[in-house]
Amino acid sequence: MLEVRDLHAAVDGKEILKGLTLSVKPGEVHAIMGPNGSGKSTLSNVLAGRDGYEITSGEVLFEGKPVADMETEERARAGIFLAFQYPVEIPGVSNMEFLKASLEAVRAAQGKEPLDAVSLLRRAREACQQVNLDQQFLKRGVNEGFSGGEKKRNEIMQMMLLEPKLALLDETDSGLDIDALQVVAKGVNALRSPDRAIVLVTHYQRLLDYIVPDHVHVLAGGRIIKSGGKELALELEQKGYGWLTGEEESA
Amino acid sequence: MTPAEQLKDSVLALASQAHRDDGLTALRKRALKQLQLLPFPEKRHEAWKYTGLNALTAGQLENAAAPVHQSADVPALGDCVIVIGNGFLPEQLPTLPDGLSALLLSDNEAAEVTPDTLFGWLNSASLSGGLLLKTERNRKVAGIVHVVFCNQSDAPCHASNRLQVELAEGSELTLIEHYLGSGPVLANAMTRILAGANSKLTHYRLQSESADSLHIGNLQIDQQRDSRVDSSQLMRGNVLRRNDVHVRMLESGATLAMRGVFIARDKSHIDNHINVEHVAPHCHSDQVYKGIAGEKGRAVFNGRIHIHPYAKGSDAALSNNNMLLSNEAEIDSKPELEIYNDDVKCAHGTTMGKMDPAQLFYLRSRGIDEGTATRMLGTGFVNETLLAMADEAVRDWAISWLGEAL
């Protein structure tokens, strides 16, 4: 589904990713772990197509097509979803209006029927319930005045409605208390399916207690320096990243 | 002769031609005298620094508009609609709701009018007829009254649009003052509102003419004791748009809520000069204006609050927030405070910014194309202002009409 080959990427002219290679197949859950500044967020942003994140060499293929040729919205319509580390607040645009525009665009691109207003509202309410968000949040501005945990749950709620093929979760667990983390994990686990892939980018092993990955990769210095199964995460928990990077851990 | 002197000559000629004997003769005469004394506005005058009037050299001031009978499509916003074409009142007025009467403006009621600009005087001097609406004491007028000024012409010309509204003590009215039409016609609008003691007015001033037309307007609101005025002023840009809004809170206890949205796209120009005077003590005014300029659009906002020496206990707030959609767009915003009493609360603020790239990326990352995302963010920016409007029909229409411009 996702093939990243020898990816080099720069932010504002500074090279952050230095030869990253990763292969994700449908049905798999990958965890990408790494210390601060290792390039985790750069990877998420490059995959989603944020301005200023430039692929300098190598390639990223999604279902065989180079994502570099696709605009941000085309990637989303093709089924890539990024749950943001820091979801932005958009006062004046209601969550519901936003979900409607998003679902219409993505469903139309995938040849699905548009949802009528009633089914859309019903689905949105169900999704809210699944992530313990009060339905009042649908009426409020996008993320406006939401707490950190509410913002993260709002991301998962959107993911449930959009049903992406590839979900990238960028430090969705950071700053969450355990109750909220469990809600988020429940949402993600509910989406696990044989034709969907999930990539968890995280700083903390704790998330992996609730979402058990098939593969764990350690990202450091812009490259994946070690890959393994879920036991690798436990090893990292005990030994820290310094064991692999040969440096004192700064985090 | 400078262009300004030539335009001044056209103004005087236009005013002289309008002379005739009817119920407005004294008003025209008085206005013509004023016009002879006033200079034609130029950029060297502070109030016109950012708004040049070169567009008027196309000949709008040389010809008075002829009556039009075809009525443009008028959106159904009110329960009672009065359409005025090129400034000419209809021969028959519709049935009005109880508690409201409509009359022809005459010298008596117009005696005390002192417009704020040369164009306001020109409106009086060249007036063919004005609409006067009066409410009955202690009555609430049911429904929404929709007064439509439709200005339409294929050739450059000048149309005086005149409205006077008098709210009797304790009465209530919801009024839409709506400008539409197309062509190189200059709509010269003069509206005067007298809010009587303890009266309540909900007022919408909608300016939805097409982009090829011109509009110079003067809105005056005088508030008496304990009157409540809520005024929303919404506009899109055209060749030239200038509004001078002047509110005087003449007696204590009056409250004013004013909000405005102006959107200048392409090469359009919008200038709003707002002047709120707290003449009497214990009045409250709250103003929120939002501006957007894109492409080579240009907008000007000048918001003045004047607290008079005896106006102790005044509470006045003004904010003007602006969004620029392109590097070539320009918005000039200037708040002015003049305060002559120590016992007041007064706040003002201006912001200027571009569309936030992080917000744009967020929407696009959810599959929403860039054009739609830009529109949503622009709409979001103005919506909190539009949502404060009381009447749902107007609100829904405004959200979609202004959304088209984003």
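Since this is a predicted model, take the numbers as computed values, not measurements.

### Some thoughts on the overall build of chain A
Counting its regular elements, chain A contains nine helices and twelve strands. For 251 residues, the compact-globule estimate of 2.2 N^0.38 gives 18 Å, and the C-alpha radius of gyration of chain A, at 18 Å, lies within 12% of that figure. The principal-axis extent of the C-alpha atoms belonging to chain A is close to 55 × 40 × 35 Å. Within chain A, the fraction of its 251 residues that count as buried is 45%. In chain A, the share of contacts with a sequence separation of at least 24, taken over all contacts with a separation of at least 6, comes to 71%.

### Details of the overall build of chain B
Per the secondary structure count, chain B includes seven helices and 18 strands. Against the 2.2 N^0.38 benchmark of 22 Å for 406 residues, chain B shows a C-alpha radius of gyration of 21 Å, consistent with a compact globule. C-alpha atoms of chain B, sized along the principal axes, occupy 70 × 50 × 45 Å. Burial status across chain B gives 52% buried among its 406 residues. Here the analysis covers contacts within chain B between residues at least 6 apart in sequence; of these, 83% occur between residues at least 24 apart.

### Digging into the interface of chain B and chain A
At the interface, 18 residues of chain B touch 19 residues of chain A. Looking at which element gives the most residues to the side of chain B that touches chain A, the answer is helix α6 (residues 370-386) of chain B, with seven residues. Tallied by class, residues from the side of chain B that touches chain A come to eight nonpolar, six polar and four charged.

### Topic: the environment of Ser147(A)
Inspection of the secondary structure puts Ser147(A) in the loop between β8 (141-142) and α5 (148-162). Spatially, the C-alpha atoms of Ser147(A) and Gly58(A) are 38 Å apart, while their sequence positions differ by 89 residues.

### Looking at unusual backbone geometry
Residue and element names in this part refer to chain A. Although it is not a glycine, Glu 63 adopts a positive phi angle of roughly 50 degrees. Here Glu 63 shows up in the loop between β4 (53-62) and β5 (65-66). Despite not being glycine, Asn 143 has its phi angle at roughly 60 degrees, a positive value. Looking at where Asn 143 falls in the secondary structure, it is placed in the loop between β8 and α5. Its 24 C-beta neighbours within 10 Å are what place Asn 143 among the buried residues.

### Concerning the domain arrangement of chain B
For an interface, size is often stated in terms of accessible area lost upon the parts coming together. Residue and element names in this part refer to chain B. For chain B, the domain assignment lists domain 1 (3-251) and domain 2 (358-406). Each of domain 1 and domain 2 has a C-alpha centre, and the two are 30 Å apart. Here the side of domain 1 that touches domain 2 takes four residues from strand β10 (residues 228-236), the largest share from any one element. Of the residues that constitute the side of domain 1 that touches domain 2, the class distribution is six nonpolar, four polar and two charged.

### Describing the nonpolar core
One finds Leu47(A), Phe81(A), Ala83(A), Leu168(A) and Leu200(A) to be the most contacted residues of the largest nonpolar core, which totals 185 residues. Considering each element in turn, this core owes the most residues, eight residues, to strand β7 (residues 185-195) of chain B. If near-sequence neighbours (up to four positions away) are discounted, Leu47(A) is found in contact with Val60(A), Val67(A), Ile80(A), Leu82(A) and Leu168(A).

### Section: the sheet that holds strand β3 (residues 131-135) of chain B
All names here are of chain B. Spatial strand order, β2-β3-β5-β7-β9-β11-β13-β15-β17: nine strands in an open sheet with mixed pairing. On the outer flanks of this sheet lie β2 (100-104) and β17 (330-339), each paired with one strand and no other. Shown here is a sheet whose adjacent strand axes are inclined to one another by a mean of 10 degrees, direction ignored. As judged from the four bridges shared by β3 and strand β5 (residues 157-167), these two strands associate in the parallel manner. The partner of Lys 134 across the bridge, within β5, is Glu 166. Strands in contact with helix α4 (residues 118-125) are β5, β7 and β9 (214-223); relative to β7, the strand with the most contacts, it is inclined by about 90 degrees.

### So, helix α7 (residues 392-404) of chain B
Residue and element names in this part refer to chain B. Here α7 is 13 residues long and its end C-alpha atoms lie 18 Å apart, about the 18 Å a rise of 1.5 Å per residue gives. Among the residues of α7, those classed as buried are Val 394, Ala 398 and Leu 402. The arc that holds the buried residues of α7, viewed along the axis, is 45 degrees, so those residues lie on one side. With respect to the buried face of α7, the exposed residues turned more than 90 degrees away are Glu 392, Ser 400 and Glu 404.

### Details of the environment of Glu112(B)
Residues and elements named next belong to chain B. By the secondary structure assignment, Glu 112 is in the loop between α3 (107-110) and α4. Assessed through the 9 C-beta atoms surrounding it within 10 Å, Glu 112 is described here as exposed. Sequence separation between Glu 112 and Leu 27 is 85 residues; the distance between their C-alpha atoms is 9.6 Å.

### Quick notes on the environment of Leu214(B)
Residues and elements named next belong to chain B. For Leu 214, the location among the structural elements is in strand β9. With 58 residues separating them along the chain, Leu 214 and Pro 156 place their C-alpha atoms 9.8 Å apart. Excluding anything up to four places from it in sequence, Leu 214 contacts Ala 55, Gln 60, Leu 186, Ala 187, Asn 238, Val 239 and Leu 240.

### Description of the pairing of strand β2 (residues 14-24) of chain A
Residue and element names in this part refer to chain A. As paired strands, strand β1 (residues 2-11) and β2 are joined by eight bridges and run antiparallel to one another. Across the sheet, residue Val 11 finds its bridge partner in β2, namely Lys 14. Between β1 and β2, which follow one another and run antiparallel, lie two residues, and Asp 12 among them has a positive phi close to 50 degrees.

### Examining the sheet that holds strand β10 (residues 197-202) of chain A
All names here are of chain A. In spatial order, the strands read β6-β9-β10-β3-β11-β12; together these six strands make up an open sheet with mixed pairing. Two strands in the sheet have a free side with no partner beyond their single neighbour: β6 (80-83) and β12 (223-228). Averaged over all pairs of adjacent strands, the angle between strand axes in this sheet comes to 20 degrees, irrespective of strand direction. In the sheet, β6 pairs with strand β9 (residues 166-170) via four bridges, with the strands oriented parallel. What sits directly across from Phe 81, in β9, is Ala 167. Of the strands in this sheet, β3 (29-33), β11 (215-220) and β12 are in contact with helix α8 (residues 230-239), which crosses β11 at around 45 degrees.

### Description of the packing of α5(A) against helix α6 (residues 178-191) of chain A
Residues and elements named next belong to chain A. For the pair α5 and α6, interaxial distance at closest approach is 10 Å and the crossing angle is 10 degrees. In terms of orientation, α5 lies roughly parallel with respect to α6. Contact residues: α5 offers Gly 149, Lys 152, Arg 153, Ile 156, Met 159 and Met 160, while α6 offers Ala 180, Val 183, Val 184, Gly 187, Val 188 and Leu 191. Of the residues belonging to the contact of α5 with α6, the class tally is eight nonpolar, two polar and two charged.

### Topic: helix α4 (residues 117-130) of chain A
All names here are of chain A. For α4, with 14 residues, the first-to-last C-alpha span of 20 Å sits near the 20 Å given by 1.5 Å per residue. Residues of α4 that are buried: Ala 124, Ala 127 and Cys 128. All buried residues of α4 fall inside an arc of 105 degrees around its axis, so they share one side. In α4, the exposed residues that point more than 90 degrees away from the buried face are Val 118, Ser 119, Arg 122, Glu 126 and Gln 129. Close packing links the buried residues of α4 with α3 (95-109) and α5. Downstream of α4 by a residue or two, Asn 132 has a phi angle that is positive, lying close to 55 degrees.

What counts and how
- Residues numbered from 1 in each chain as written.
- Chains lettered and ligands numbered in written order.
- Predicted model: local features only at pLDDT ≥ 70, side-chain atom pairs only at ≥ 80, totals over all residues.
- Helix = DSSP H or I, 4+ residues; strand = E, 2+ residues; numbered from the N terminus.
- Rg over C-alpha atoms; globule rule 2.2 N^0.38 Å.
- Buried ≥ 20, exposed ≤ 12 C-beta atoms within 10 Å, placed from the backbone.
- Contact = placed C-beta atoms within 7 Å.
- Nonpolar A, V, L, I, M, F, W, Y, C, P; charged D, E, K, R; others polar.
- Domains from an automatic or database assignment.
- Core = buried A, V, L, I, M, F, W, Y, C linked by C-beta atoms within 7 Å.
- Pairing = 2+ DSSP bridges.
- Axes fitted to C-alpha atoms, helices over the stretch in contact; angles between N-to-C directions.
- Expected span 1.5 Å × (residues − 1).
- Arc of directions from axis to C-beta.
- Parallel < 35°, antiparallel > 145°, perpendicular 65-115°, else oblique.

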